[in-house]
Structure formats: C-alpha cells, structure tokens
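Spelled out from the first residue to the last, the chains are:
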Amino acid sequence: LDSGWYILGKEVEQFEQEFAAYIGVNHAVGVGSGTEALHMALIASGVGAGDEVITTAHTAVATAAAIVLAGATPVFVDIESDYFTLDPNRVEEAITLKTKAIIPVHIYGHPVDMDPIIGIAKKHELKVIEDCAQAHGATYNGKRVGSIGDIGCFSFYPTKNLGAIGDGGMVITDIAELAEKARLLREYGWKKRFVSCVPGWNTRLDEIQAAILRVKLKQLDEDNARRQTVAERYGDGLASADLVLPEVRIGCSHVYHLFVVRSRGRDELKAFLRDKGISTNVHYPVPIHLQPSFSNLKSEILSRTEGVAKEIMSLPLYPEISESDVGYIINTINGFLC
C-alpha cells in the first residue's frame, strides 16, 4: 500500500516468477480470476468461434463458461468414477474436425491421468489446457500439474489451496509464444501503453493480491501436507463406514482441495450431519450438461458423471481444522452408518 502502485507492478512480477519456479515452468502471467485464466489460454491457443473443446461436465461451471467466452463449444465426456477425473478412454471418440483443445480438470486436488491425454493431443494436433484451479501443488509422475500440458490455469479464489483475499488467477506455460500472447491479451493488447497490437481486454492480478499470495506460497506445501494428514485420518477413521472414500492414482499426489466421499444415502447423511452441527457440501450437484444454460448442447450419455452427482458429499477439510473436530466428524458419521 505504501508503494502507491496497485496494478501490475513489482509484486505481480515477483509472484509470477516465484509461482512459475514452484510449478516448474518458464512463464507465468497473473490475471483476474481462474475463469479468465482459462479464457485467455483458449484465445492464446487460437480457439474461437466454431471450434470445439473437449472437457468434463463434472467440474465447476467456470470451465465450460470460459470455453463459451472464447466463442467455442464445450464437448463433454465421461469421468473415471474412482477419481472423478476426465476418462482418457472417452476422449478420442469425441474428437471431430472442429476440435481444437482438451481441458482436463484436476478435480478436488487429484490429477487427471495425463499421459494418454497428451498422447491423444499430439496425435490429433490439439492443445492441452490444464484446469488446475483445485490442485495447487499436486503432482503427476513427479511433475506438478500445470506443467504437463501446453498451458496450465490456476485460480486464487480465497477457498483454494493457495487463496488470495479476493479474486485472482494465473496462466503458466513453457511456450514463450503463448506467454507473450497471454500478456498482450491481459491488458488491451498493449505492448506499450495506449497502443493495442491485438484485441485484448482487462484481466489483471492486483498488486495487493500478489503480495499476499507471495507470502502464502511459502507455506503451500506445509498446508497441503496438513490436508493430506487430515485426509489420511478420515480414511483410517471411516474405513468401516458404508462410504466410498477417495482413491489416489499410482504416481500421483492428491492435495485434497476437497475430501469427497460417496454415499447411496447421501441426502439422509447430509441432513443428519447438519443436525449435529457439521457442515457439508456437494461439489457439484448438477453436472454442467444438465444445467439450463448448457441444455442446448449435444452430449454423449454421461452415466458415471450423473451417477456420482447423486452420491457425492464433501466433508470439512482445511489446514486449520482441529484434531478434535476431525474426531467428532468421524465418530458422528460412524454412529450413523456403522
């Protein structure tokens, strides 16, 4: 605040460098939100009107909203029900002559199975844009998510594993040309002030948010480790309950943005826990392809996506949750289900 410089200054520049180094890429561009990061990545990748982008319907609506903002059409494919992530075996059959990109979503903090998706993308000359909004610090075969595809997109919404005190986002890439396009798009297409080289818009990360995120980045791994410890305790404590607990793919680290269980009696359990003072949520109750604003889109039958939406429930999990609260939640659930 004392600097008097609030937009695109030294704090943003330093955070971009530090976040790029943390993920393991060469370029990072701070933007206004995670949705705008995806929007910008699509435009920088040449996606536009008449194009199709393959993604999942089991995600926040922001993923599909960004595709629509770019003028393209989302094409939804089903998920792997064990991990809730995009099923690589369903991707290739969804590719058409209009397909330009794939957006795998590392949902809940768990990585998508990226190797086969990268292979399919290379075969068909498609861009891979990773939606990492819920997976800051997660790894897939030793690489942090966001560094595997052509572009990675992050959100710094306050509830994220790395959260600001407002909106914020980041585009990261190893491809210098894509980074340069993103920087131009971020601020009216300016290479120098007041001269627009390409059509762009305003989606800038604030200096205050960058300053806060620089501090919080230093403790991200510690916070993620705490999330993993809580998740392990849930797993041990609820092993005998009539629940389907989260699984972790071999070669991956899960950073548990959310701890999502499945229950055939989800609504009854949720109501019981609410009465006991335990707040839960459903991420996400209505798959995107069934939402009114996307009902005009054609879609294959997404039986797994629709099935899990009826059973999933997110239990309380955040770095600051106390041991006693975790114990109370475990005992309460077991008292209802066991």
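Look up a bit, the structure's there.
Since the structure is predicted, the reported quantities are computational estimates derived from the model, not experimental observations. (Residues numbered from 1 in each chain as written. Predicted model: local features only at pLDDT ≥ 70, side-chain atom pairs only at ≥ 80, totals over all residues. Heavy atoms only, no water.)

We now examine the packing of aromatic side chains. This structure, assessed with the given rule, holds nine aromatic pairs. Measuring from centroid to centroid gives 5.7 Å for Phe15 and Phe19, while their planes differ by 40°, and the two rings are tilted. Separated by four residues within a single helix, Phe15 and Phe19 lie in helix 1 (residues 10-23), roughly one turn from each other. Side by side, Phe15 and Phe19 carry an identical accessibility label, which is buried. An aromatic cluster is built from Phe15, Phe19, Tyr22, Phe154 and Phe156, whose rings are joined through pairwise contacts. The ring centre of Tyr22 lies 4.0 Å from the NZ or CZ of Arg144, which sits over that ring. (Phe/Tyr/Trp six-rings, centres within 6.5 Å; stacked < 30°, edge-to-face > 60°. Helix = DSSP H or I, 4+ residues; strand = E, 2+ residues; numbered from the N terminus. Buried < 20%, exposed > 50% of the residue type's maximum accessible area, 1.4 Å probe, protein only. Lys NZ or Arg CZ within 6 Å of the ring centre and 35° of its normal.)

In terms of strand pairing, strand 2 (residues 52-56) meets strand 6 (residues 99-102) through three bridges, oriented parallel. Bridged to Val53 within strand 6 is Ala101. In this sheet, strand 7 (residues 127-131) lies alongside strand 6 in parallel orientation, the contact comprising two bridges. Its bridge partner being in strand 7, Ala101 is matched across the sheet by Lys127. Note on the crossover from strand 6 through helix 4 (residues 114-124) to strand 7: the handedness is right-handed. (Pairing = 2+ DSSP bridges. Right-handed = clockwise from strand over helix to strand, strands pointing away.)

What follows concerns the packing of helix 8 (residues 266-275) against helix 10 (residues 323-337). In contact at an axis separation of 11 Å, helix 8 and helix 10 are set at 130° when each is read in the N-to-C sense. One way to sum up the angle between helix 8 and helix 10 is to call them oblique. In the packing of helix 8 onto helix 10, the handedness of the crossing is right-handed. Where helix 8 approaches helix 10, its residues Glu268, Leu269, Phe272 and Leu273 are matched on the opposing element by Thr332, Ile333, Phe336 and Leu337. Here the contact of helix 8 with helix 10 is composed, by residue class, of six nonpolar, one polar and one charged. (Axes fitted to C-alpha atoms, helices over the stretch in contact; angles between N-to-C directions. Parallel < 35°, antiparallel > 145°, perpendicular 65-115°, else oblique. Left-handed = near helix turned anticlockwise from the far one by under 90°. Contact = heavy atoms within 4.5 Å. Nonpolar A, V, L, I, M, F, W, Y, C, P; charged D, E, K, R; others polar.)

Let us look at unusual backbone geometry. Note that the residue after His283, namely Tyr284, is joined by a cis bond; omega there is 20°. Here Tyr284 is to be found in the loop between helix 8 and helix 9 (303-309). Within the chain, Tyr108 stands out as a residue other than glycine whose phi angle is a positive 65°. Checked against the element boundaries, Tyr108 lands in the loop between strand 6 and helix 4. With a relative accessible area of 2%, Tyr108 lands in the buried category. The residue Asn141 is not glycine, and still its phi comes out positive at about 50°. Note on placement: Asn141 falls in the loop between strand 8 (139-140) and strand 9 (143-144).

So, about the environment of Tyr256. With respect to the helices and strands, the residue Tyr256 is situated in the loop between strand 14 (252-253) and strand 15 (259-262). The sequence separation of Tyr256 and Gly34 amounts to 222 residues, and the corresponding C-alpha distance is 18 Å. Once residues within four sequence positions are removed from consideration, Tyr256 is found in contact with Tyr108, Gly109, Asn161, Arg227, Gln228, Ala231, Pro246, Val248 and Leu317.

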